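# Working through the structure, step by step
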Amino acid sequence: MAKIEDRAPGSTASLNDDIGEEKRLALYRTQVVIREAEQRAYDLFLQNLVKGTSHLSLGQEAVAAGFAVAMRPGDLSFCTYRGHAHTLARGVPVSKVLGELMQRDIGLMRGKGGSMHLTSVDHGVMGSYAIIGAHLPIACGAAWRAQYKGQKDVSVCFFGDGTTNIGAFHEALNFAAVWKLPVVFVCENNLYMEYTPISEVTAVEHPAADRAASYGLPRIVVDGNDADAVYRIAAVAYDKARAGDGPSLIECMTYRYSGHSRADPAKYRPEGELEKWKARDPIKLYRERLKQFGVGDDAIARIDSEVKREVDEATELCKAAPPPSLDILTTDVYADGGFAWRN
Amino acid sequence: MAELTYRDAVIRGIAQEMTRDPDVVFIGEDVGKAGGVFKATVGLYEQFGPVRVRDTPISEQAILGAAMGAAMTGLKPIAEIMFSDFFAVCFDYIANEFPKSRYMSNGQVKCPLVVRTGNGGGARFGAQHSQSVENWCMMIPGLKVVAPSSPRDVIGLMAAAVRDPDPVIFFEHKSLYPTKGEVPDGEIVDTLGTAKIVRPGKDATILALALMVPRAVAAAEKLKNEHGIDCEVVDVRSLVPLDTQTILGSVARTHRLFTVEENPRLCGWGAELVSIVADEAFYDLDGPPVRITTPHIPLPAADILEDLALPSVDRIAERVQRSLNA
């Protein structure tokens, strides 16, 4: 168990060890896996080994970790094109994710989906959706199935701040609230829709939370760089959903260190903003948290090196892996496995 | 055997599948308590209850998205989009989500659902409530597309659509709802991807869909009576999968091809069928294939204008007769 008395003087960390060391180590490891894998994806892109586009979650790791670690097996994740983090957070091996980004036969979808569509049904990752807002109604549908069949899983739907201005967001929120569906909507507010500050194009300060009242939901804004805070609010929302008390909408304040996509150098950001957020880096912050709860430097370093090794090994595995076999071009268009549209 | 309206066949078709499989659920705007704006779902709410027949807000994206999420995770939803024109406000699901999830996920994600919708003209509703949009769906890999023309086919193809493991877009024709036809007793299950020769003939093949099928049959009778021309009318029924064998077989016997399409001319399904016949049966043809379509216009509301726009019995007969005598 963590030792609360070791808490650093003046720390803002909660005294309440409601989370426990096992979960805290999982929260830390998950964040480090995302950080290392995303950084590696970026490096591999610079080497032209990751092709197409990619949208990294560097700086946003605590949101993915907090929500995923609070889930139960069987809970379902619905992600966006910025979905590497949420996919990794559910325990999908790094080699499967990097393999898909690198267009290898060992990739999650053997190169048929690419960076923006990571899917691993076995891990509860029900897809990554690249049309803004599309997956909010889809998550409602999965939650409706759980409600209909009396199953206790929760559907968790992640999206960015920009999504709050598209129609499907509002249709889904109303639908979920009226039907009291066991779905949790998670807005990762990283301050920029793509290149444009969300504040310049949105009528309210908090693009998700300030709309919650329209759907009879409480206004929830959480520090998205604090994995403990995220974990706690996730647990509350999941309990509410499982109890049959309907959806939640949670806005997590965070920041992406890189541009919107690999094509974006993010020159639109005001000077000093990135540095300010990096001072509150979620992983740095969580290392301090672990120490406050008595986790030693060596234990932290061990996780760091284990993750580094996993990512290194995954990278080598992917580099050596063959590209997809050409015969999959026309498979799985229809449920019979093929693409026949005529006799 | 019983005589049933096309409208009542929709009700019976849905009820047959909901009775068979508790995972079949039905949602849409005004479909439950109100029985549907076309009264094509009357009694389902009373029979199956508010959990299985559920009214939704006017949120077409939520309707189709929810149907997809439910289908992915174990239900067999039937979702209604009241007018097919409204596909334009939820087309993301039809074009990007239903049909691509299986492929993009390398077969991990399934999407067994049915979207039923009121399609087609004749009701004087004007340009945004009258369109025939089956070609919007036909062009998308991953979808299946059917459009029944008779009460019997409504039930049989509905059963086939609900039991199919792929997303099926089910076009009901609004102007056919009051029409009647003989329907056998008991369960009816048809097969997707099968065309039907509804009137055999030897002089020309007329391909038609939905409301154009009875018009093509009537035109064939007129041609027979007035000109001694004996046309074979093929109800295409299913655009995807497409029964090209029945179509090519008919053309091989009659040597002439006509399509009767309610959709505006450009990129109508008839163009694809003509192209297939041209590719694969060119030397069976004794004359150029002819497409009889609505002009490349939005549909007008006034009855005399709408009637002028849609292929009519007289226009079909005249065009076939003129072409055969050329």
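All of these numbers come straight from a predicted model, not from anything done at the bench.

Here we come to the domain arrangement of chain B. Residues and elements named next belong to chain B. Assigned domains of chain B: these are domain 1 (2–183) and domain 2 (196–325). Between domain 1 and domain 2, the contact holds 27 residues from the first and 22 residues from the second. Of all the elements in the fold, those that place two or more residues in the side of domain 1 that touches domain 2 are helix 6 (134–138), strand 6 (144–146), helix 7 (151–163) and strand 7 (168–173).

Moving on: the interface of chain A and chain B. By convention, interface size is frequently given as the accessible area that disappears when the constituent parts associate. With 37 residues of chain A in contact, the opposing surface of chain B contributes 40 residues. Within the residue set of the side of chain A that touches chain B, elements represented by two or more residues are strand 2 (125–129), helix 5 (135–149) and helix 6 (167–179) of chain A. It is helix 5 of chain A that provides the largest number of residues to the side of chain A that touches chain B, a total of ten residues. Of the residues belonging to the side of chain A that touches chain B, the class tally is 22 nonpolar, eight polar and seven charged.

The subject of this paragraph is the environment of Ala317(B). Residue and element names in this part refer to chain B. As for its placement among the helices and strands, alanine 317 is situated in helix 12 (residues 313–325). As a C-alpha pair, alanine 317 and glycine 156 span 161 residues in sequence and 30 Å in three-dimensional space. Among residues more than four places away in sequence, those in contact with alanine 317 are Ala219, Lys222 and Leu223.

Right, let's get into the nonpolar core. Of all hydrophobic cores here, the largest spans 201 residues; its most connected members are Cys140(A), Cys157(A), Val184(A), Val186(A), Ile206(B) and Ala216(B). Considering each element in turn, this core owes the most residues, nine residues, to helix 3 (residues 60–72) of chain B. Counting only domains with at least three residues in this core, you end up with domain 1 (2–183) and domain 2 (196–325) of chain B. Beyond its immediate chain neighbours, meaning those up to four positions away, Val184(A) contacts Val154(A), Val156(A), Cys157(A), Ala237(A), Tyr238(A), Ala241(A), Pro247(A), Ser248(A) and Ile250(A).

Another point: the environment of Thr205(B). Residue and element names in this part refer to chain B. With respect to the helices and strands, threonine 205 occurs in strand 10 (residues 204–208). Between the C-alpha atom of threonine 205 and that of histidine 255, which follows or precedes it by 50 residues, the distance is 7.6 Å. Beyond its immediate sequence surroundings of up to four residues, threonine 205 is in contact with Glu232, Val234, Ser250, Val251, Thr254, Arg256, Leu257 and Phe258.

Attention now goes to unusual backbone geometry. Residues and elements named next belong to chain B. Omega for the bond connecting valine 240 with proline 241 falls within 30 degrees of zero, at -5 degrees, which places this linkage in the cis form. Secondary-structure assignment places proline 241 in the loop between strand 12 (238–240) and helix 9 (244–254). Residue aspartate 30 is not a glycine yet carries a positive backbone phi of 65 degrees. With respect to the helices, strands and loops of the structure, aspartate 30 is situated in the loop between strand 2 (24–28) and helix 2 (44–52).

So, about the packing of helix 5 of chain A against helix 3 of chain B. Look at helix 5 of chain A against helix 3 of chain B: their axes get within 6 Å of each other, and the N-to-C directions meet at 50 degrees. When the axis of helix 5 of chain A is compared with that of helix 3 of chain B, the two are oblique. With respect to the hand of their crossing, helix 5 of chain A and helix 3 of chain B are arranged in right-handed fashion. Residues Pro137(A), Ile138(A), Ala139(A), Cys140(A), Gly141(A), Ala142(A), Trp144(A) and Arg145(A) of helix 5 of chain A pack against Gln61(B), Ala62(B), Gly65(B), Ala66(B), Ala67(B), Met68(B), Gly69(B), Ala70(B) and Met72(B) of helix 3 of chain B. Looking at the contact of helix 5 of chain A with helix 3 of chain B residue by residue, the class counts come to twelve nonpolar, four polar and one charged.

A few words now on the sheet that holds strand 9 (residues 196–199) of chain B. Residue and element names in this part refer to chain B. With respect to topology, five strands assemble into an open sheet ordered 9-11-10-13-14, the strand pairing being mixed. This sheet does not close on itself; its edge strands, each paired only once, are strand 9 and strand 14 (290–294). Neighbour to neighbour, the strand axes of the sheet diverge by 25 degrees on average, direction disregarded. With respect to the sheet, helix 8 (residues 212–227) is in contact with strand 9, strand 10, strand 11 (231–235) and strand 13 (257–264), its orientation differing from that of strand 11 by roughly 175 degrees.

What follows is about the environment of Ala68(A). Residue and element names in this part refer to chain A. Relative to the helices and strands, alanine 68 is located in helix 2 (residues 61–69). Along the primary structure alanine 68 and leucine 27 are separated by 41 residues, whereas in three dimensions their C-alpha atoms are 8.7 Å apart. Dropping the residues within four chain positions of it, alanine 68 is found in contact with Thr30, His86, Ala89 and Arg90.

Cut-offs used in this document
Residues numbered from 1 in each chain as written. Chains lettered and ligands numbered in written order. Predicted model: local features only at pLDDT ≥ 70, side-chain atom pairs only at ≥ 80, totals over all residues. Domains from an automatic or database assignment. Contact = placed C-beta atoms within 7 Å. Helix = DSSP H or I, 4+ residues; strand = E, 2+ residues; numbered from the N terminus. Nonpolar A, V, L, I, M, F, W, Y, C, P; charged D, E, K, R; others polar. Core = buried A, V, L, I, M, F, W, Y, C linked by C-beta atoms within 7 Å. Buried ≥ 20, exposed ≤ 12 C-beta atoms within 10 Å, placed from the backbone. Axes fitted to C-alpha atoms, helices over the stretch in contact; angles between N-to-C directions. Parallel < 35°, antiparallel > 145°, perpendicular 65-115°, else oblique. Left-handed = near helix turned anticlockwise from the far one by under 90°. Pairing = 2+ DSSP bridges.

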